[in-house]
Amino acid sequence: MDIKYFNEFRVLADVCNYQEAAERLFISLSALSKHISKLEAELGVSLFNRTTRTVTLSEYGTLFYRYAVQITDSYNECSRALAELQEDHALRLKIAFQPLLTEYNISEALGGFKQAYPDIQLTITEHADPWEMLQTDQCDAAFHTEYGPRRDMEHSLFLAADELVAVLPANHPLAEKDSVSMEQLKEEKFIVKQEIYSDLNRIFQQLCAESGFEPQVGCTIRYSSGMAKMVSAGMGIAVTNRKHVPVHNYSQIRAVPIYPTIPFNIYLLYAGDRKNAFALQSFRNYLEETGLL
């Protein structure tokens, strides 16, 4: 049953004149007559007493009028409330990201966006699994990272790419190579991340297994960015993302690409039903235009 028929019935009941009701509703006389007839057919009763000169409410129409007023008033109130909520949500944006992304200018990107769009209320959460937050409606968009070839994902924006490198002391025999394989590193002692379930640990263990060896762990460390310092201190070598290697340490260490190349991709994921929301659309456009990541 079309809600607009309730409103048309209500107007006709108020003026008891088809022509006047049609003019107030900005529809044709024939359309109004057709809609009222359809409403009566669905209800199974005659809502009006009709003569050649007058239109008055029937007994059924009088009863139905009370409910039609309640229904149309409630519908209009609901529509207004939804519109207000939609407008409010349009100026809110919740972003989730993984801790390792602090190495990829994410703070600069978020800070720049906040300055460019001061009217948008931005909520930022660092989380081990931003994808889970997105799936459970705890955020509007999530920065997602993935090792392996770049792939196109629905409702995503590709932002940046990195690669895995072996971080070696500057005097290491392999330090001047254009690239190294994992097989060439199998006798080394490795500096690895403490979080055994991190994506970096997962891909590292996978590469070692594919190369047929169990890595010797000389040191575990919490943050990827600290691996280079431990290499400089002679605690071993590390396999990490290139952008996790501080440039100022390059006099003491070398970052040599792993071969075959293991790319590391960064995406912005978002829910499909929110992709046209003003705040999210503004954020996506800002990231694309600035290229900060």
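Residues numbered from 1 in each chain as written. Predicted model: local features only at pLDDT ≥ 70, side-chain atom pairs only at ≥ 80, totals over all residues. Heavy atoms only, no water.

J.: Honestly, the pattern of salt bridges in this entry has me stumped. Any pointers?
T.: A pair can form between side chains of opposite charge whenever their charged atoms are brought close. By the definition in use, this model includes seven salt bridges. Here R10 ties to D73 by a salt bridge, and the two come within 2.8 Å at their closest N and O atoms. Here the residue R10 occupies a position in helix α1 (residues 3-15), and D73 occupies one in helix α4 (residues 59-89), the gap between them amounting to 63 residues. Between R202 and D199 there is a salt bridge whose closest N-O contact spans 4.0 Å. In this pair, R202 and D199 both sit in helix α7 (residues 199-210), three residues apart, roughly one turn of the helix. With relative accessibility at 25%, the residue D199 sits in the partly exposed group. (Salt bridge = Lys/Arg side-chain N within 4 Å of Asp/Glu carboxyl O. Helix = DSSP H or I, 4+ residues; strand = E, 2+ residues; numbered from the N terminus. Buried < 20%, exposed > 50% of the residue type's maximum accessible area, 1.4 Å probe, protein only.)

J.: Would you take a moment to explain the nonpolar core for this structure?
T.: Nonpolar side chains tend toward joint burial in soluble globular proteins. If you look at the biggest cluster of nonpolar residues, it comprises 59 residues, and the most contacted ones within it are L93, F143, L164, M182, L185, I258 and F283. Looking at this core, the element that brings in the most residues is strand β6 (residues 156-169), giving eight residues. (Core = buried A, V, L, I, M, F, W, Y, C linked by side-chain atoms within 4.5 Å.)

J.: For this particular structure, what's the right way to read unusual backbone geometry?
T.: It is generally the case that most residues other than glycine have a negative phi and that most peptide bonds are trans. The omega torsion of the bond from Y259 to P260 falls at -5°, within 30 degrees of zero and hence cis. When you line up the elements, P260 lands in the loop between β10 (253-257) and β11 (263-270). The backbone of C16 sits at a positive phi, close to 50°, despite the residue not being glycine. Note on C16: relative accessible area 30%, which makes it partly exposed. For D137, which is not glycine, the phi dihedral falls at a positive 60°. Relative to the assigned elements, D137 resides in the loop between α6 (130-135) and β5 (141-147).

J.: Is there a simple way to think about the environment of L159 in this case?
T.: Here L159 is to be found in strand β6. Residue classification places L159 among the buried positions, given a relative accessible area of 17%. Each C-alpha atom, one on L159 and one on F143, is 9.3 Å from the other, the two residues being 16 residues apart in sequence.

J.: Help me out: how do you make sense of the pairing of strand β4 (residues 121-126) in this one?
T.: Sheet topology note: the strand β3 (residues 92-97)/β4 ladder contains six bridges and is parallel. Paired with F97 across the two strands is E126, which belongs to β4. For the crossover that starts at β3, traverses helix α5 (residues 106-116) and ends in the parallel β4, the hand is right-handed. (Pairing = 2+ DSSP bridges. Right-handed = clockwise from strand over helix to strand, strands pointing away.)

J.: Would you mind showing me how to read the side chain of H244 here?
T.: With respect to the secondary-structure elements, H244 resides in the loop between β9 (237-241) and β10. Ignoring any residue separated from it by four or fewer positions in sequence, one finds H244 in contact with L100, E103, Y104, S224 and S225. (Contact = heavy atoms within 4.5 Å.)

J.: Explanation requested: the packing of helix α2 (residues 18-25) against helix α3 (residues 29-43) in the structure shown.
T.: Each pair of packed helices can be summarised by the angle the axes make with each other and by the distance between the axes. At a closest axis distance of 9 Å, the pairing of α2 and α3 adopts a crossing angle of 100°. On the basis of their axis angle, the class for α2 and α3 is roughly perpendicular. Here Y18, Q19, A21, A22 and L25 of α2 come into contact with α3, specifically with L29, L32, S33 and I36. Class assignment for the residues of the contact of α2 with α3 results in seven nonpolar, two polar and no charged. (Axes fitted to C-alpha atoms, helices over the stretch in contact; angles between N-to-C directions. Parallel < 35°, antiparallel > 145°, perpendicular 65-115°, else oblique. Nonpolar A, V, L, I, M, F, W, Y, C, P; charged D, E, K, R; others polar.)

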